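Take a look at the letters that make up each chain.
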Amino acid sequence: MAARVLVGVKRVIDYAVKIRVKPDNTGVVTDGVKHSMNPFCEIAVEEAVRLKEKKLVKEVVAVSCGPQQVQETIRTALAMGADRGIHVEVSGKDYDSLGPLQVSKILAALAKKEEASLIILGKQAIDDDCNQTGQMTAALLDWPQGTFASEVAVEGDKLKVIREVDGGLETIKINLPAVVTADLRLNTPRYATLPNIMKAKKKKITNVKPGDLGVDLTSRLEVLRVDEPPQRQAGVKVETVEDLVGKLKEAGRI
Amino acid sequence: MLLKGQSFSIGQRLFDELHHSGWGVSSTGLTDEQKEFQKVAFDFAANEMAPHMAEWDQNEIFPVETMRKAAQLGFGGIYVRPEVGGSGLSRLDTSIIFEALSTGCTSTTAYISIHNMCAWMIDTFGSNELREKFCPDLCSMEKFASYCLTEPGSGSDAASLLTSAKLQGDHYVLNGSKAFISGGGDTDVYVVMCRTGGKGPKGISCVVVEKGTPGLSFGKKEKKVGWNSQPTRAVIFEDCAVPVTNRLGSEGQGFNIAMKGLNGGRINIASCSLGAAHASVLLARDHISVRKQFGETLSNSQFLQFKLAEMATRLVASRLLVRQAALALQEDRPDAVSLCSMAKLFATDECFSICNQALQMHGGYGYLKDYAVQQFVRDIRVHQILEGTNEVMRMIIARDLLTES
């Protein structure tokens, strides 16, 4: 049975914002743009808090990597019921190039330091859609992984995880300690309540530097260019079915 | 534990818009904690209220379950003290929350604010027994409350109220009737201003009357232009005996208690107007960005651009005044009463005008009940009338100015 759960929460551009590419094509505009917790991370926090409420875990620790602003995201996790937070300070160019490889190294180091026996993450972030951090973290720790989880149940010192896969649902049993990544249907996250938001103010957030964890933040990736998706082209109206077939053949579709 | 649903209705889109609009965004200048409160209120409004606001209005439904969900989040007694179940937040926090909730359904939020006002009055002026008896249930909205001041013969001239409360042993026996009581008949706890002494404000006391007390009855449900998600009825007292221990404060303090309640109530009502106006501006903006006439979208019309700019400016001005008034009240500043009156006067007038202009920008569609803007117009129209008419607000402000010497 897991005593301490680590939950990773990522601060991303809010899902409803219209994304704009920077004029120099090096990235997207983030200044002054509304940010919030990655929706899959919300689901991860909710699952962890539910495990605590069922008394299957003792402590939920929310972790986020980034500049000062990520503390807002950690506070949201605390308001949802996490017990304390860890802010891994990464800023400037390091933050721009921060990706799954570095984050998974950080999480692996923290899991050892905090003696966590379960890590729950969102399956992917809605900004980069990498879907890698959970898997990499498990590999670095040599822990089993239950990804795309739509259901998690504790069975003694094992976890039963029902995974959403292309072919349907797959049920696996994995030993603890383990990494789980949350998919959309795992749960519906709770509203923070006013009292919990106020209690969250008193919960502790500790600051940690990647260097203290022995993690090298150098990226192996270089972003060359960021472009908007191509503009949607106008369609063509056809008069008859023969015309339609003809046009489809022309376009090489049939 | 209350879960969020997923909603892609007009409400969700509205919520997204409200969250991301760059101008005069209602979260400027707020603390991180206040932004969290606002976020919960916006989320709740978009998910739990906006999808139903039309139905509640058209079918005159008092949304008890939804309000209890709101109470679970702490919205039942926002500025009531925590030891009796309240959230213990400030007046500014409260204003922010009601403004956000109002974008989901103005009528329901307005009732929630009245309920909050009553809970605060009992918390602040009630004995410990009364507080412990009523506040926890009110904060959880296990029970609902109504504020009973107005009578058929005394609206603006509230201090001339006639409902009498004659002392008989350890009970007051109430006789008289109250008019236009929000929630009346459906609520459980009535905070009633009644005459225990002589004429004028100093003869008025405040007592708490529970539904089911013999001698308490209700008039017919009124048919209203708006505020249809809350029932409005006359509240009638016929030899209605109420324990003396149900009195808030001392005899003769009732009018004072009523007015103190209203100072906060005025900020709350003004905040509800802000939410409705903000929602309406975004609806109007969306509409004119899509609707084409004379070969181009309405948003290309300079007249409409200027109109929209004016609406936005007046909304921000209203919001600043309301928030300043909230701060003044929570800091107990000498200018608080005047500021609350100014905020209520200005914001309710301006916001009605804004909603009305937003409706106009919709053209014929604005007149259809399929479009939300008309409901915001109808719902906030009464904010210029109740909790003290805007004429009475002018009286209060003028008196304050002319007394200063």
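Quick caveat: nothing in here was measured; it's all calculated off a predicted structure.

1. With respect to the overall build of chain A
So, point 1. In terms of regular secondary structure, chain A is built from 7 helices and 11 strands.
So, point 2. C-alpha extents for chain A along the principal axes are approximately 70 × 45 × 40 Å.
So, point 3. Per-residue burial for chain A yields a buried fraction of 48% across its 254 residues.
So, point 4. Intrachain contacts of chain A at a sequence separation of at least 6 include 70% that bridge at least 24 residues.
So, point 5. Carbon and sulfur atoms make up 51% of the accessible area of chain A, which amounts to about 13800 Å² in all.

2. Here we look at the UniProt feature "domain: Electron transfer flavoprotein alpha/beta-subunit N-terminal" (unreviewed entry) in chain A
So, point 1. Mapped onto this structure's residue numbering, the UniProt feature "domain: Electron transfer flavoprotein alpha/beta-subunit N-terminal" (unreviewed entry) falls at residues 25–217 of chain A.
So, point 2. The span residues 25–217 of chain A carries 33% helix and 30% strand; its end-to-end C-alpha distance comes to 23 Å.

3. Focus: helix α7 (residues 128–139) of chain B
All names here are of chain B.
So, point 1. The end-to-end C-alpha distance of α7, which contains 12 residues, comes to 16 Å, matching closely the 16 Å that a straight helix rising 1.5 Å per residue would cover.
So, point 2. Within the sequence span of α7, burial applies to Leu130, Arg131, Phe134, Cys135, Leu138 and Cys139. In an axial view of α7, the angular spread of the buried residues amounts to 120 degrees, which keeps them on one side of the axis. Exposed and oriented more than 90 degrees from the buried face of α7 are Glu129 and Glu132.
So, point 3. Elements that come into contact with the buried residues of α7 comprise α4 (64–72), α6 (106–125), β1 (145–148), β4 (189–195), β5 (204–210) and β8 (247–248).
So, point 4. After α7 finishes, the residue Met141 shows a positive phi value of roughly 60 degrees.

4. Here's the deal with the UniProt feature "active site" (unreviewed entry) in chain B
Residues and elements named next belong to chain B.
So, point 1. Mapped onto this numbering, the UniProt entry annotates "active site" (unreviewed entry) at Glu387.
So, point 2. Mapping Glu387 onto the fold places it in the loop between α11 (373–381) and α12 (390–403).
So, point 3. Residue classification places Glu387 among the buried residues on the basis of a relative accessible area of 11%.
So, point 4. When sequence neighbours within four positions are dropped, the list of residues in contact with Glu387 reads Ile114, Met117, Leu262, Gly265, Arg266, Ile269, Lys344 and Met393.

5. Quick look at unusual backbone geometry
All names here are of chain A.
So, point 1. For the peptide bond that leads from Leu176 to Pro177, omega is 0 degrees, which places it in the cis range.
So, point 2. Relative to the helices and strands, Pro177 resides in the loop between β9 (168–175) and β10 (178–182).
So, point 3. Backbone geometry places Asn25, a non-glycine residue, at a positive phi of 55 degrees.
So, point 4. The residue Asn25 is located in the loop between β2 (11–13) and β3 (35–37) in this model.
So, point 5. Of the residues examined, Asn25 reaches a relative accessible area of 18% and is grouped as buried.

6. Re the interface of chain A and chain B
So, point 1. Taken together, the contact pairs 22 residues of chain A with 28 residues of chain B.
So, point 2. Summed over both partners, the interface of chain A with chain B buries about 2000 Å², with 65% contributed by carbon and sulfur atoms.
So, point 3. Our enumeration of links across chain A and chain B arrives at 1 salt bridge.
So, point 4. Glu33 of chain B is the partner of Lys201 of chain A in a salt bridge, and the nearest nitrogen-oxygen pair spans 3.5 Å.
So, point 5. On the surface where chain A and chain B come into contact, there are 4 residue pairs in polar contact (both at pLDDT 80 or more).
So, point 6. Sorting the residues of the side of chain A that touches chain B by element identifies α1 (39–53), α2 (70–80) and α6 (194–202) of chain A as the ones contributing at least two each.
So, point 7. When residues of the side of chain A that touches chain B are assigned to their parent elements, the largest contribution, 5 residues, is made by α6 of chain A.
So, point 8. The residue inventory of the side of chain A that touches chain B, partitioned by class, reads 10 nonpolar, 3 polar and 9 charged.

7. Quick word on the sheet that holds strand β1 (residues 4–8) of chain A
Strand pairing within a sheet occurs via backbone hydrogen bonds; the two strands may be parallel or antiparallel.
All names here are of chain A.
So, point 1. Ordered in space as β9-β8-β7-β10-β6-β1-β4-β5-β11, the 9 strands form an open sheet in which the pairing is mixed. The sheet terminates laterally at β9 and β11 (205–208), the two strands that pair on one side only. Strand-to-strand, the axes of this sheet are offset by a mean angle of 30 degrees, without reference to chain direction.
So, point 2. Pairing of strand β7 (residues 145–155) with strand β8 (residues 158–165) involves 6 bridges; the strand directions are antiparallel. Residue Val152 lies in a different strand from β8, and its bridge partner there is Val161.
So, point 3. Relative to the sheet, helix α5 (residues 133–141) contacts β6 (118–122), β7 and β10, its axis offset from that of β6 by approximately 160 degrees.

Rules behind the numbers
Residues numbered from 1 in each chain as written. Chains lettered and ligands numbered in written order. Predicted model: local features only at pLDDT ≥ 70, side-chain atom pairs only at ≥ 80, totals over all residues. Heavy atoms only, no water. Helix = DSSP H or I, 4+ residues; strand = E, 2+ residues; numbered from the N terminus. Buried < 20%, exposed > 50% of the residue type's maximum accessible area, 1.4 Å probe, protein only. Contact = heavy atoms within 4.5 Å. Areas by Shrake-Rupley, 256 points an atom, 1.4 Å probe, with all protein chains shown as cover. UniProt positions renumbered as here; feature names shortened; annotations may be inferred. Expected span 1.5 Å × (residues − 1). Arc of directions from axis to C-beta. Buried area = accessible area lost by both parts, 1.4 Å probe. Salt bridge = Lys/Arg side-chain N within 4 Å of Asp/Glu carboxyl O. Polar contact = N/O pair within 3.5 Å; in protein donor to acceptor, adjacent residues only side chain to side chain. Nonpolar A, V, L, I, M, F, W, Y, C, P; charged D, E, K, R; others polar. Pairing = 2+ DSSP bridges. Axes fitted to C-alpha atoms, helices over the stretch in contact; angles between N-to-C directions.

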